[in-house]
Every structure is written in C-alpha cells, then in structure tokens.
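Chain by chain, the residues:
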Amino acid sequence: MEIAELDYKSHKTRDMYKQINHLAGGNKKKERFLKNDDGTLITSSVEIANRWSEYFDELLNCDEPDEVFSFDLEPWNEQDCPEPTLEEIKLQVKWLKNHKSPDEDEVQAELLKNGGEELLTKLWKLICQIWKSEKIPEEWKAATICPIHKKGSMQDLLEKVIRAMNVRPDERVKLQDSSIGLLAYADDLVLMEESPNALKSLFGRLQRMASKVGLQTNETKTEYMVVGRRETAGVYPSLNVRNYVFSRAKQFKYLGSVITEKNEIVKEISARILAGNRAYHGLAKLLGSRSLSRELKI
C-alpha cells in the first residue's frame, strides 16, 4: 500500500493502478482459439501450437526465387572494429524502455537499470566475450512470440452465420413498433420466437450455418427462458432440440443487465447493488488503510 501511495504522489499513475489491482485481486478467464485456413476454429492447446508451428514454418522458410534482383554492394569493410566499452554498455542499458515484457529469462529492463555497477560490468564482460568468439548464445536465439487477436475476426464469422440464417420478419417477436428475432453482441447470441417449435426451427438453422465455419453450440452454457405474465414453470421444464437438451433459466444477464422471465426490474436493481457492494468490499482493505491518503482513495 505504501508503494501505491508513493506512486500516487510521484504521479506514476500506471504503477499506482497496477499496485491497486494487484492488492484487490481478481483475474479474468482467457478464451483461447484459433481460426484454421479453411475457416474452422480449433480450441485444443496442442492443435493451436501445431498450427502456429506450421504458420511460422511457411512464413520463414520460403522457396528460393527463380529470379533475384541485382544489388550494387559496397566493398567489404576490412577495418577492425574495437570492442564495446563499458560506457557504451551503460548508455545502451540506460536507453532501454520501461514496462516492456521480458523474454524467457524474465529479466526486465528495470532490473538491468537498477542492478548497479557490478551487474553492468558483468554484462559488459559477457558481451566482450561474445564479441571475440563471434558466437551468439543459444538462449539468445530463442524468441517468445505473442500472437495478437485481430479485432473483428470472430465477429466476422458470426456476422456471416447471422446473414446466412436470413431471419424473416414473420419469425420475429413483436415489441411495440418493432420486431426482433435475434440479438447478437460479440460471441453472445439470443434467439427469440413466439413458440417452442418456431424456436427449435430457428435454432436448427443457426446450428447448420454455424457448422459451416467451425462454430458449435456449448450445451452447458446455453439456456432458454420463457417470458410472460402467466405461470409456465411446469409447462416447459426443458427444451429438446435435436441432440441437445437445454435447461430453463429464470433469468440471465445480457450486456450487463438482468432480464427475468417476468420482466422484473427489481432483480436488475438488486444485481447492481450487489455488484457495487462486491466492488466496495474488494477494496475495503485499501479504503480502510491509513497508509493511503484520502485524495488517493477518492
């Protein structure tokens, strides 16, 4: 906590929030998947690793070209190049950028900058040894590759599926002056119909179109809900669609809002109060600490 307070007073906002998030805790689960060349999705860790291996093998090992450009190369420089000096190594370490991800050795730039004279001297001697032998250590040849998910790729697949379904106006639920048959946000889909049979038909069409791009329905995460004023708990206990059996939900959360089978706003208000209390109690230790100033808490 003292570190967070010092970062706040030193206007190191990035470090301050990092300390607070670390003390408050909480991690988000990461979903890992990869799209194959044919458009299908692979989710197995082994298959994903093999696909990345194939991709970089094709990218970095190309065939020899049939024709090459001619280059006017400069004459070979025969002049001896002196070994780097300790002052040069210190200057290069000083210019290293902070807050960068480390490599396999987990050594960050901040450690080298604050390692002192002894660390810089040993680093200089190591580089001089490499300079003389002209051999790079094998550990330095390894690279950690972090693939970055391209925005829109998952949404593009879902958009293709939705467009291919071609939901007609008569298949939608009428809400005042509009009609809605399908809601979609990111990878969450909500199907809406007037009857169980119509909903089954719409889901069957969704399943057929989704299978063409490698998407599948997660039965354990898929539920259905009957919205109405009448009591229908015993009428539709579950929904059987082909090989799937979907359990019935009394409420679900969509885009942060709680929707209930009776459209009760009380549930939504209670959920927001509960989320506020959870956030407050998660930071109670920080808010009650005397090590943090009132300005930082506010």
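Preceding this section is the structure that the text describes.
Residues numbered from 1 in each chain as written. Predicted model: local features only at pLDDT ≥ 70, side-chain atom pairs only at ≥ 80, totals over all residues. Heavy atoms only, no water.

### A look at the overall build of the protein chain
Here comes step 1: Counting secondary structure elements, the protein chain contains 12 helices and 11 strands.
Here comes step 2: Per-residue burial over the protein chain gives 21% buried out of 298 residues.
Here comes step 3: Of the roughly 24600 Å² of accessible surface on the protein chain, a fraction of 52% belongs to carbon and sulfur atoms. (Helix = DSSP H or I, 4+ residues; strand = E, 2+ residues; numbered from the N terminus. Buried < 20%, exposed > 50% of the residue type's maximum accessible area, 1.4 Å probe, protein only. Areas by Shrake-Rupley, 256 points an atom, 1.4 Å probe, with all protein chains shown as cover.)

### Quick notes on the pairing of strand β8 (residues 238-241)
Here comes step 1: Of the two faces of β8, the one lined by Leu239 and Val241 is fully buried and the one lined by Ser238 and Asn240 carries no buried residue.
Here comes step 2: Sheet topology note: the β8/strand β9 (residues 244-248) ladder contains 4 bridges and is antiparallel. From the neighbouring strand, Ser238 faces β9, where its bridge partner is Ser247.
Here comes step 3: The hairpin turn running from β8 into β9, its antiparallel successor, is 2 residues long, and Arg242 in that turn takes a positive phi close to 55°. (Pairing = 2+ DSSP bridges.)

### Section: the nonpolar core
A general feature of soluble globular proteins is that nonpolar side chains tend to end up buried together.
Here comes step 1: Membership of the largest hydrophobic core comes to 20 residues, with the highest contact counts inside it found for Val161, Met165, Phe203, Leu215, Leu239 and Phe246.
Here comes step 2: Those elements giving two or more residues to this core turn out to be α8 (153-165), α9 (196-211), β8 and β9.
Here comes step 3: Per element, the largest residue contribution to this core is 6 residues, and it comes from α9.
Here comes step 4: The contact partners of Phe246, leaving out residues within four places of it in the chain, are Phe203, Thr217, Glu219, Thr222, Tyr224, Ser238, Leu239 and Val241.
Here comes step 5: By size, the runner-up hydrophobic cluster in this structure holds 6 residues, among which are Ala4, Ile20, Leu286 and Leu296. (Core = buried A, V, L, I, M, F, W, Y, C linked by side-chain atoms within 4.5 Å. Contact = heavy atoms within 4.5 Å.)

### Overview of the pattern of salt bridges
When their charged atoms lie close together, side chains carrying opposite charge are able to pair.
Here comes step 1: One pass over the full model with this rule turns up 8 salt bridges.
Here comes step 2: In this structure, Glu159 engages Arg163 in a salt bridge whose closest nitrogen and oxygen atoms are separated by 3.1 Å. Taken together, the positions of Glu159 and Arg163, both in helix α8 and 4 residues apart, correspond to about one turn of that helix.
Here comes step 3: The class for Glu159 is partly exposed, based on a relative accessible area of 37%.
Here comes step 4: Linking Glu268 and Arg272 is a salt bridge whose minimum nitrogen-to-oxygen distance equals 2.4 Å. With Glu268 and Arg272 both in helix α10 (residues 265-282) and 4 residues apart, the pair spans about one turn of that helix.
Here comes step 5: Overall, the relative accessible area of 7% leaves Glu268 in the buried class. (Salt bridge = Lys/Arg side-chain N within 4 Å of Asp/Glu carboxyl O.)

### Some points on the packing of aromatic side chains
Here comes step 1: Going through the model one piece at a time under the given rule, you end up with 6 aromatic pairs.
Here comes step 2: Ring centres 5.7 Å apart and planes at 85° place the aromatic pair Trp52 and Tyr55 in the edge-to-face group. Remark: Tyr55 and Trp52 occur in helix α3 (residues 45-60); sequence separation between them is 3 residues, near one turn of the helix.
Here comes step 3: Grouped by ring-pair contacts, the aromatic residues Trp52, Tyr55 and Phe56 constitute a single cluster. (Phe/Tyr/Trp six-rings, centres within 6.5 Å; stacked < 30°, edge-to-face > 60°.)

### Description of helix α1 (residues 2-9)
Here comes step 1: Those residues of α1 not exposed but buried are Ala4, Glu5 and Asp7. All buried residues of α1 lie within an arc of 160° about the axis, which places them on one face of the element. Exposed and oriented more than 90 degrees from the buried face of α1 are Glu2, Leu6 and Lys9.
Here comes step 2: Taken from the residues just after α1, His11 is the one with a positive phi, measuring 60°. (Arc of directions from axis to C-beta.)

### Concerning the layout of surface pockets
Here comes step 1: Its volume calculated, the second largest pocket comes out at about 680 Å³.
Here comes step 2: Breaking the lining of the second largest pocket down by element, the ones donating at least two residues are α4 (86-94), α5 (109-113), α6 (116-133) and α7 (138-141).
Here comes step 3: Here the lining of the second largest pocket takes 5 residues from α6, the largest share from any one element.
Here comes step 4: Each residue belonging to the lining of the second largest pocket can be placed in one class, and the counts come to 13 nonpolar, 3 polar and 7 charged. (1 Å grid on protein atoms, 1.4 Å probe; cavity = no way out; pocket = protein on both sides within 12 Å on 5 of 7 lines; lining within 4 Å. Points joined across faces, edges and corners; volume = space filled by probe spheres on them. Nonpolar A, V, L, I, M, F, W, Y, C, P; charged D, E, K, R; others polar.)

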